[in-house]
Amino acid sequence: MLATGPRVWWGAVVVLAALVVVAVGVLYGGTGGPGVVDARVGAAVDGAGSAWRDVALATDFLGEPGGAAVLVVAAAVGALVVRWPRAAVFVVAGPGLSVVATKLLKPVVGRTIHDGHLSYPSGHTAFLTAFALAVALLVTGRLRLGGAAGPSLVLATATAAGAAMGWAQVAVGAHYPTDAVGGWCTALAVTPATAWMVDRAAGRRAGRMSDAPQPERR
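Residues numbered from 1 in each chain as written. Predicted model: local features only at pLDDT ≥ 70, side-chain atom pairs only at ≥ 80, totals over all residues. Heavy atoms only, no water.

*Asks:* I would appreciate a short explanation of the overall build of the chain in the present structure.
*Replies:* Counting secondary structure elements, the chain contains 8 helices and 2 strands. Along the chain, helices (α) and strands (β) appear in the sequence α-α-α-α-α-β-β-α-α-α when read from the amino end. Looking at the chain as a whole, 41% of its 218 residues are labelled buried. Excluding contacts between residues fewer than 6 apart, the proportion of contacts in the chain whose partners are at least 24 apart in sequence is 81%. As presented, the chain carries roughly 11,500 Å² of accessible surface, and 69% of it is formed by carbon and sulfur atoms. (Helix = DSSP H or I, 4+ residues; strand = E, 2+ residues; numbered from the N terminus. Buried < 20%, exposed > 50% of the residue type's maximum accessible area, 1.4 Å probe, protein only. Contact = heavy atoms within 4.5 Å. Areas by Shrake-Rupley, 256 points an atom, 1.4 Å probe, with all protein chains shown as cover.)

Below is the structure:
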């Protein structure tokens, strides 16, 4: 599934994203208010009208358990219909592990918003970014897009999804902008690593099956 671009390239993306998650977490760890960047971006987003707030709430729903389940189940079923079980596993594991990572990081960082709710990194942003990244990796891999086209399309898709959900989280007042950046980078760090693990597990299983003794033909 990491056929779109060299593995070394994706390894660099994972490392850089993880470093950003750590750096922003250290910068805002233990705080309970917006930083300078958060205040400026938040002021711009707060200027949106009620119609845009409805769009933000609809986008936010995609990161809620119900909306997320619809997206993941639809993608997994589609992969199974075309007989691609490895893709079905990945489209569940990638977003799932990204969300788990945000839940583990939140108490470690300790950043809060609104009555002490842990906010960094944004789980909603991590989910939609990871889901878009997983689907884009699968599609570009299936289409065998080589060169710079494949990775560029994958990252553009993940960035668009992360930006949309990040904007929605700020618009509804659930997160600071830097929380969204942390969620986006968490997905960029976890999802390609998950693809590598799924590929490796599938390769080992295929190897064991090929090494198994075959019944004699008569």
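Read on for the rest.
*Asks:* Quick question: what am I supposed to make of unusual backbone geometry here?
*Replies:* The phi torsion of most residues other than glycine is negative, and most of the peptide bonds are trans. Residue P121 is bonded to the preceding Y120 through a cis peptide linkage, with omega at -5°. Inspection of the secondary structure assignment puts P121 in the loop between β2 (117-118) and α6 (123-142). Positive phi, normally seen in glycine, also occurs at H114, with a value near 50°. As for its placement among the helices and strands, H114 is situated in the loop between β1 (112-113) and β2. In this structure, D115 is a non-glycine residue whose phi angle is positive, near 60°. When you line up the elements, D115 lands in the loop between β1 and β2. For D115, a relative accessible area of 81% corresponds to the exposed category.

*Asks:* Before we go on, may I ask you to explain the nonpolar core in this structure?
*Replies:* General note: in soluble globular proteins, nonpolar side chains tend to be found buried as a group. Judged by nonpolar contacts, the single largest core of 38 residues is most densely connected at W10, F90, F127, L133, L137, V154 and L188. Secondary structure elements with two or more residues in this core: α1 (7-28), α4 (65-81), α5 (85-109), α6, α7 (149-171) and α8 (177-211). The element contributing the most residues to this core is α6, with 9 residues. (Core = buried A, V, L, I, M, F, W, Y, C linked by side-chain atoms within 4.5 Å.)

*Asks:* How do you make sense of the packing of α4 against α5 when you look at a structure like this?
*Replies:* Between α4 and α5, whose axes approach to 7 Å, the crossing angle comes to 170°. In this view, α4 runs roughly antiparallel relative to α5, as classed from their interaxial angle. Contact residues: V72, A75, A76, A79 and L80 in α4; P85, A87, A88, V91 and V92 in α5. Its residues assigned to classes, the contact of α4 with α5 comprises 10 nonpolar, no polar and no charged. (Axes fitted to C-alpha atoms, helices over the stretch in contact; angles between N-to-C directions. Parallel < 35°, antiparallel > 145°, perpendicular 65-115°, else oblique. Nonpolar A, V, L, I, M, F, W, Y, C, P; charged D, E, K, R; others polar.)

*Asks:* What's the story with the side chain of S122 in this structure? I'm lost.
*Replies:* Turning to its location among the elements, S122 is positioned in the loop between β2 and α6. The class of S122 is buried, set by a relative accessible area of 0%. Separated by 2.9 Å, the side chains of S122 and T125 make a polar contact. Aside from chain neighbours lying at most four places away, what touches S122 is T102, Q169, H175, D179, A180 and G183. (Polar contact = N/O pair within 3.5 Å; in protein donor to acceptor, adjacent residues only side chain to side chain.)

*Asks:* Is there a simple way to explain the side chain of T59 in this structure?
*Replies:* You can see T59 is positioned in helix α3 (residues 50-61). Excluding its chain neighbours within four sequence positions, the residues that come into contact with T59 are A164, M165 and A168.

*Asks:* Help me understand a nonpolar patch on the surface, please; the structure alone is not making it clear to me.
*Replies:* On the surface, a nonpolar cluster with roughly 350 Å² of combined accessible area is contributed by V73, V77, V81 and V82. Summarising the element assignment, V82 is placed in the loop between α4 and α5. Residue classification places V82 among the partly exposed positions, given a relative accessible area of 46%. (Patch = residues over 30% accessible without salt bridge, like charges linked within 9 Å, V, L, I, M, F, W, Y side chains within 5 Å. Salt bridge = Lys/Arg side-chain N within 4 Å of Asp/Glu carboxyl O.)

*Asks:* Please clarify how the packing of α3 against α7 should be interpreted in this entry.
*Replies:* For any two helices packed against each other, the geometry is given by the interaxial angle and the distance between the axes. One way to put it is that α3 packs onto α7 with a least axis distance of 8 Å and a crossing angle of 115°. For α3 against α7, the interelement crossing comes out left-handed. Note on element contacts: α7 touches α3 through A164, M165, W167, A168, Q169 and A171, opposite W52, R53, V55, A56, T59 and D60. Residue classes in the contact of α3 with α7 are distributed as 8 nonpolar, 2 polar and 2 charged. (Left-handed = near helix turned anticlockwise from the far one by under 90°.)

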